[in-house]
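Chain by chain, the residues run as shown.
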Amino acid sequence: MNTFWHLVRRDITLARRQGASSFLGVAFFVIAVSLFPFAVGPDPLILASIGAGIIWVAALLATLLSLDRLFQADFEDGSLDTLVLAPQPLVALVLAKTLAHWLTTTLPLIIAAPLLAMFMALPASAFTMLMVSMLVGTPALSFIGAVGAALTVGMRRGGVLLSLLILPLYIPVLIFGVGALGAAMLGQDGSSALMLLGAFSLVSLVLAPLGAAAALRLALE
Amino acid sequence: MPRLHRFANPMRFARLSKAVLPWMAVLTILLIGTGLYWALLASPADYQQKDSVRIMYVHVPAAWMGLFIYVSMAVSSAAGLIWRHPLADIAAKSCAPIGAGFTLVALVTGALWGQPMWGTWWVWDGRLTSMLILLFLYLGYMALWQAYDEPGKASRAAAILALVGVINVPIIHFSVEWWNTLHQPASVFKVGGPSIDPSMLWPLLVMALGFTTYFVVVLLWRMRAEILARRIHVLMMQQAAS
């Protein structure tokens, strides 16, 4: 357990010292969303009707972009070998790295989300639901993404392959995330979609680290 | 299980598959021939959809096969991962293009059927959409095989992906259906109605059986080709070394 938190703290420190990585993810998120008003026109009614979906898709893509860094740096400098050889189960260490990744790259996106909701003319009543649904749903993105990142670690041009492997698996998160938000915007109860989103996150929390650990062992052979 | 392991020997597989293949091929031709005649000529046209209902006899079995082959691929992948049988890995690898082909056939025939029935080539209907996602999963799986140089490593990486995928297939399927019913009523897809007359059900089942034997034939063919390709590769390596 101690090692777990040490690893989380180490990855957070690394991300903080490199500085730019969290910021770049948020910058991508903001720019990607602000492209849409140019594409579909500034009409607030249109923006509000597609805003929830666009924010979620941009969050998905921002997560995807950051994923290839999840194991790559450790793979290159050899610390991944140490992690695999460590007495602690690799599954727990994968979990720690994924948690740190979520804290350093996805949490900033959630904090930036209300700003984008304002850009997309979403009603103020939807802001809370946007943040709650992202808080509940994005862990699934990180965990499933970890499997893809582990499968493509050490590959040249792994990023394109990663998107092909992972994006189809993200579709349920997108559906339920936007579903919860859409229900809230219509003044309905979005809790059923939110619960399904939570269930998906929890299942991926349990199963995905197993796959990611197996894939990492394979990559280091 | 040990009884099953006997068939995992590539040499024994090569002999057995060679003996079985011609019979399976003949059976496939008979089944699909009968099925096509029955479906296209002998079965009645739908009172509402007229003759375009006959697309169903290709469309529905192809969609079934797309899903069935994905599950077969995942089962072989699990066997390959657990017992490290190269033959199971080869089976999984050989499944993917066939399954992707059937999924594509289901999508294309679905579009051809949708044009006269719904007036549009594509509808974001729940079942159509989940077939499209299934095609993406197949493509990702095949791309992962391509990305590795060593077949041993590629097979295990692809097996992990296939297992992650097979857990997700039902989740994706149900979430897409849920999403669809949220946006539009399900009345669109009830064209044929859920109950089907025996005069249509039987040709459909014959076609499905024919598609299954076709899958077995092509799978055995692909597996034999893959085994031979690996043997050639080994021989060439030996030649280069000596």
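As the structure is a prediction and not an experimental result, all values here were calculated from the model.

Enquirer: Hey, could you run me through the overall build of chain B in this one?
Expert: From N to C terminus, chain B includes 7 helices and 0 strands. Moving toward the C terminus, one meets the helices and strands of chain B in the order α-α-α-α-α-α-α. Residues classed as buried in chain B amount to 35% of the 242 residues present. Partitioning the intrachain contacts of chain B with sequence separation of at least 6 by distance along the chain shows that 79% fall at a separation of at least 24.

Enquirer: Would you mind going over the overall build of chain A with me for this structure?
Expert: Across its full length, chain A carries 9 helices and 0 strands. What you see for chain A is a C-alpha radius of gyration of 18 Å, in line with the 17 Å of a compact globule of 221 residues. Principal-axis analysis of the C-alpha atoms gives chain A an extent of 55 × 35 × 30 Å. Per-residue burial over chain A gives 47% buried out of 221 residues. Nonlocal contacts in chain A, meaning residues at least 24 apart in sequence, comprise 80% of its contacts between residues at least 6 apart.

Enquirer: Help me understand helix α2 (residues 20-40) of chain A, please; the structure alone is not making it clear to me.
Expert: An α-helical turn contains 3.6 residues, so a residue and the one three or four places further along point in the same direction. Residues and elements named next belong to chain A. Between its first and last C-alpha atoms α2 spans 31 Å; for 21 residues at 1.5 Å apiece the expected length is 30 Å, and the two agree. Listed as buried for α2 are Ser22, Gly25, Phe29, Val33 and Phe36. Along the long axis of α2, the arc covered by the buried residues comes to 70°, so they all point the same way. For α2, the exposed residues lying more than 90 degrees away from the buried face are Ala20, Phe23, Ile31, Leu35, Phe38 and Ala39. On its buried side, α2 packs onto α1 (2-18), α3 (44-67) and α6 (90-119). Looking one or two places after α2, you find glycine 41, whose phi comes out positive at around 95°.

Enquirer: Sorry, what's going on with the environment of B:Ala63 here?
Expert: All names here are of chain B. Note that alanine 63 resides in helix α3 (residues 56-83). Measuring from C-alpha to C-alpha, the distance between alanine 63 and leucine 40 comes to 19 Å, with 23 residues separating the pair along the chain. What alanine 63 contacts, discounting residues up to four positions off in sequence, is Ala106 and Met131.

Enquirer: Got a minute to help me understand unusual backbone geometry in this structure?
Expert: When glycine is set aside, most residues are seen to have a negative phi, and most peptide bonds are trans. Notably, A:Ala121 is not glycine yet its phi reads approximately 60°, a positive angle. With respect to the helices and strands, the residue A:Ala121 is situated in the loop between α6 and α7 (126-151). Positive phi is not limited to glycine here, since B:Arg84 has a value of about 55°. Take B:Arg84: it is sitting in the loop between α3 and α4 (86-118). Overall, B:Arg84 belongs to the partly exposed group, with 13 C-beta atoms counted inside 10 Å.

Enquirer: I'm lost on helix α5 (residues 126-147) of chain B in this one. Help?
Expert: Taking 1.5 Å of rise per residue, 22 residues should cover 32 Å, and α5(B) covers 32 Å from first to last C-alpha, within 8% of that figure. For α5(B), the set of buried residues is B:Gly126, B:Ser130, B:Met131, B:Ile133, B:Leu134, B:Leu135, B:Leu137, B:Tyr138, B:Gly140, B:Tyr141, B:Leu144 and B:Ala147.

Enquirer: I'm lost on the packing of helix α8 (residues 158-185) of chain A against α5(B) in this one. Help?
Expert: For any two helices packed against each other, one specifies the crossing angle of their axes together with the interaxial distance. Look at α8(A) against α5(B): their axes get within 9 Å of each other, and the N-to-C directions meet at 155°. Taken together, the axis directions place α8(A) and α5(B) in an arrangement best described as roughly antiparallel. When the axes of α8(A) and α5(B) are compared, the crossing they make is left-handed. Across from A:Leu161, A:Leu164, A:Leu165, A:Pro168 and A:Ile171 in α8(A), the residues of α5(B) making contact are B:Ile133, B:Phe136, B:Leu137, B:Leu139, B:Gly140, B:Ala143, B:Leu144 and B:Ala147. Looking at the contact of α8(A) with α5(B), its residues break down into 12 nonpolar, 1 polar and no charged.

Enquirer: Would you explain the confidence of the model for chain B in this entry?
Expert: When pLDDT drops low, the exact placement of atoms in the prediction is not to be read closely. Residues and elements named next belong to chain B. Residues with a pLDDT of 70 or more make up 86% of chain B, whose mean pLDDT is 82. Least confident of the elements in chain B is helix α1 (residues 2-5), whose mean pLDDT is 59; most confident is α3, at 90. Contacts from residues 182-191, a stretch scored under 50 in pLDDT, to residues over four places away or in other chains number 9 contacts. Interface confidence for the predicted complex, expressed as ipTM, amounts to 0.86; the pTM equals 0.87.

Enquirer: Please explain the interface of chain B and chain A as it appears in this structure.
Expert: When the parts of a complex come together, some accessible area is lost, and that lost area is often taken as the interface size. The interface is formed by 22 residues belonging to chain B together with 20 residues belonging to chain A. Looking at the side of chain B that touches chain A, the elements that each hand over two or more residues are α5 and α6 (151-183) of chain B. At 14 residues, the largest contribution of residues to the side of chain B that touches chain A is made by α6(B). Of the residues in the side of chain B that touches chain A, the class split is 17 nonpolar, 3 polar and 2 charged.

Enquirer: What's the story with the nonpolar core in this structure? I'm lost.
Expert: For soluble globular proteins, nonpolar side chains are generally found buried alongside one another. A:Ile55, A:Ala150, A:Ala215 and B:Leu161 are the most contacted members of the largest nonpolar core, which totals 130 residues. The element that contributes the greatest number of residues to this core is α8(A), accounting for 15 residues. The contacts of A:Ala150, once residues within four sequence positions are left out, are A:Phe71, A:Ala212, A:Ala215, A:Leu216 and A:Ala219.

Enquirer: What is the right way to look at the packing of α3(A) against α8(A) in this model?
Expert: Residue and element names in this part refer to chain A. For the pair α3 and α8, interaxial distance at closest approach is 9 Å and the crossing angle is 150°. Between α3 and α8, the crossing angle belongs to the class labelled roughly antiparallel. Like other packed secondary-structure pairs, α3 and α8 cross with a definite hand, here right-handed. Here Ala52, Gly53, Trp56, Val57, Leu60, Leu64 and Leu67 of α3 come into contact with α8, specifically with Leu162, Ser163, Ile166, Leu167, Tyr170, Leu174, Gly177, Val178, Leu181, Gly182 and Met185.

Enquirer: So what exactly am I meant to see when it comes to the environment of B:Ala14 here?
Expert: Residues and elements named next belong to chain B. Tracing the backbone through its elements, the reader meets alanine 14 in helix α2 (residues 10-42). Of the residues examined, alanine 14 has 15 C-beta atoms within 10 Å and is grouped as partly exposed. Spatially, the C-alpha atom of alanine 14 lies 30 Å from that of leucine 205, the residues being 191 residues apart in sequence.

Conventions used here
Residues numbered from 1 in each chain as written. Chains lettered and ligands numbered in written order. Predicted model: local features only at pLDDT ≥ 70, side-chain atom pairs only at ≥ 80, totals over all residues. Helix = DSSP H or I, 4+ residues; strand = E, 2+ residues; numbered from the N terminus. Buried ≥ 20, exposed ≤ 12 C-beta atoms within 10 Å, placed from the backbone. Contact = placed C-beta atoms within 7 Å. Rg over C-alpha atoms; globule rule 2.2 N^0.38 Å. Expected span 1.5 Å × (residues − 1). Arc of directions from axis to C-beta. Axes fitted to C-alpha atoms, helices over the stretch in contact; angles between N-to-C directions. Parallel < 35°, antiparallel > 145°, perpendicular 65-115°, else oblique. Left-handed = near helix turned anticlockwise from the far one by under 90°. Nonpolar A, V, L, I, M, F, W, Y, C, P; charged D, E, K, R; others polar. pLDDT = per-residue confidence, 0-100. Core = buried A, V, L, I, M, F, W, Y, C linked by C-beta atoms within 7 Å.

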